[in-house]
Amino acid sequence: MTHVEDELSSQPECWIRAAREAEVHRAALPAAGERVAIVGCGTSFFMAQAAAVLREESGQGETDAFAASEFPAGRSYDRVVALTRSGTTTEVLELLGRLRGHTRTTAVTADPHTPVMESADDVVVLDFADERSVVQTRFATTALTLFRAHLGLHSDAVVGDARTALDTPLPEELVGCAQFTFLGRGWTVGLANEAGLKMREASLAWTEAYPAMEYRHGPISITTHGTATWMLGEAPEGLAEQVRRTGGLWVDGGLDPLAELVRAQRLAVAVAAARGLDPDQPRHLTRSVILSD
């Protein structure tokens, strides 16, 4: 078993622990009414997108998401939350340094022995969800589970769906597809972006991701026999039928969307295996992007 397989399989247990510890970290996480930005790089940016929408939709306050390198200079927030598994990502550390003394910051990380511990005002350490694999799986979903629990949006049913996602075989024809498109709505747009990234990282697959209602505005033109379109969350009316008429494979995400992301992680590993690739050794990637001067 690869590291990434072992780590993605442990997600239900990680989510249970994160939900249990959400109350412990209440003071470090955004309070109701705060104007908040959530930042990250790569996978963490996509989790930031999902968390930001969830927080706004739950009525907790205005919340934006940015890649750490694209944070808007001069914009005012009550708190900036940085997601960083490694705690060493250059763009995140530089942003936290610029914000020090001006904006309250929180870092959510997996490693308590890294520079981010001194860079943020508050730190949440999810070391039980740390990973050996370059390809992120459980840290990302555990960090998002922490936010969902903090917002009162986590339940035992989510964990049950994650176990179902791990135990249920993937559709046989899915692994052989030549192209994959992931769709989301609202908070699941970030999950769709992350599913596409997992496929590219682990299996070098041709993948795209879009808000579901945008799919008809051009991207559907690539859909045909041998392509797959995977919906994370509730699909817009009529879209499944329209995709099927193209000859493409429609995958209906019937589980909690975060559990559907677990299924997509499994698909990435399965496609990598079918193509003779090692998902623990993704091409041109490292665990953390650390830029030299």
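All values derive from a computational prediction rather than experimental measurement.

**Thoughts on the pairing of strand 4 (residues 104-109)**
With respect to burial, strand 4 is a largely interior element, five of its six residues being buried. The pairing of strand 3 (residues 79-84) with strand 4 spans six bridges and is parallel. Pairing of Ala82 across the sheet is with Ala107, part of strand 4. For the segment spanning strand 3, helix 4 (residues 90-99) and strand 4, crossover handedness is right-handed. Pairing of strand 4 with strand 5 (residues 122-125) involves four bridges; the strand directions are parallel. Looking at strand 5, one finds that Val108 is bridged to Val124.

**Points about the packing of helix 2 (residues 11-21) against helix 6 (residues 138-150)**
When two helices pack together, their arrangement is given by the angle between their axes and by how far apart the axes lie. Remark: helix 2 packs on helix 6, axes separated minimally by 8 Å, with the N-to-C direction vectors making an angle of 35°. Crossing of helix 2 over helix 6 shows right-handed handedness. Contact residues: helix 2 offers Gln11, Cys14, Trp15, Ala18 and Ala19, while helix 6 offers Arg138, Thr141, Thr142, Thr145, Leu146 and Ala149.

**Thoughts on the nonpolar core**
By size, the foremost hydrophobic cluster in this structure holds 65 residues, and its most contacted members are Ile38, Leu144, Phe180, Phe182 and Leu191. Among the elements that line this core, the one with the most residues is helix 10 (residues 257-274), at nine residues. In terms of nonpolar packing, the next biggest core, distinct from the first, is built from 15 residues, Ala68, Val80, Ala82 and Val92 among them.

**Section: the sheet that holds strand 6 (residues 179-184)**
Strands pair in a sheet through their backbones, by hydrogen bonds, and they do so in one of two ways: parallel or antiparallel. Within the open sheet, the four strands sit side by side as 7-6-8-9. Their pairing is parallel. Each edge of the sheet is formed by a strand with only one pairing partner; in this case those strands are strand 7 (206-211) and strand 9 (249-252). Taken over all neighbouring pairs, the strand axes of this sheet differ in orientation by 20° on average, direction set aside. Where strand 6 meets strand 8 (residues 227-232), six bridges bridge the pair, whose relative direction is parallel. Paired with Gly184 across the strands is Leu232, a residue of strand 8. In the packing of helix 8 (residues 188-203) onto the sheet, the strands contacted are strand 6, strand 7 and strand 8, and the crossing angle to strand 6 comes to about 160°. Against the sheet, helix 10 makes contact with strand 6, strand 8 and strand 9, and its axis sits at roughly 155° relative to strand 8, the strand it touches most.

**Describing the pairing of strand 2 (residues 63-67)**
Consecutive side chains of a regular strand alternate in pointing toward one face of the sheet and then the other. Extensive coverage of strand 2 is indicated by the burial of four of its five residues. Between the parallel pair strand 1 (residues 36-40) and strand 2, the chain is carried across by helix 3 (residues 43-57), and the sense of this crossover is right-handed.

**Concerning the packing of aromatic side chains**
One pass over the structure, following the stated rule, counts five aromatic pairs. A ring pair is formed by Phe71 and Tyr77, whose centres lie 5.8 Å apart and whose planes are at 50°; its orientation type is tilted. The exposure class assigned to Phe71 is buried, which follows from its relative accessible area of 10%. With a centroid separation of 5.7 Å and an interplanar angle of 35°, the aromatic rings of Phe182 and Trp230 are classed as tilted. Here Phe182 is found in strand 6, whereas its partner Trp230 is found in strand 8, with 48 residues between them in sequence. Assigned by exposure class, Phe182 and Trp230 land together as buried. Against the face of Tyr77 rests Arg35, its NZ or CZ located 4.7 Å from the ring centre.

Parameters and conventions
- Residues numbered from 1 in each chain as written.
- Predicted model: local features only at pLDDT ≥ 70, side-chain atom pairs only at ≥ 80, totals over all residues.
- Heavy atoms only, no water.
- Buried < 20%, exposed > 50% of the residue type's maximum accessible area, 1.4 Å probe, protein only.
- Helix = DSSP H or I, 4+ residues; strand = E, 2+ residues; numbered from the N terminus.
- Pairing = 2+ DSSP bridges.
- Right-handed = clockwise from strand over helix to strand, strands pointing away.
- Axes fitted to C-alpha atoms, helices over the stretch in contact; angles between N-to-C directions.
- Left-handed = near helix turned anticlockwise from the far one by under 90°.
- Contact = heavy atoms within 4.5 Å.
- Core = buried A, V, L, I, M, F, W, Y, C linked by side-chain atoms within 4.5 Å.
- Phe/Tyr/Trp six-rings, centres within 6.5 Å; stacked < 30°, edge-to-face > 60°.
- Lys NZ or Arg CZ within 6 Å of the ring centre and 35° of its normal.

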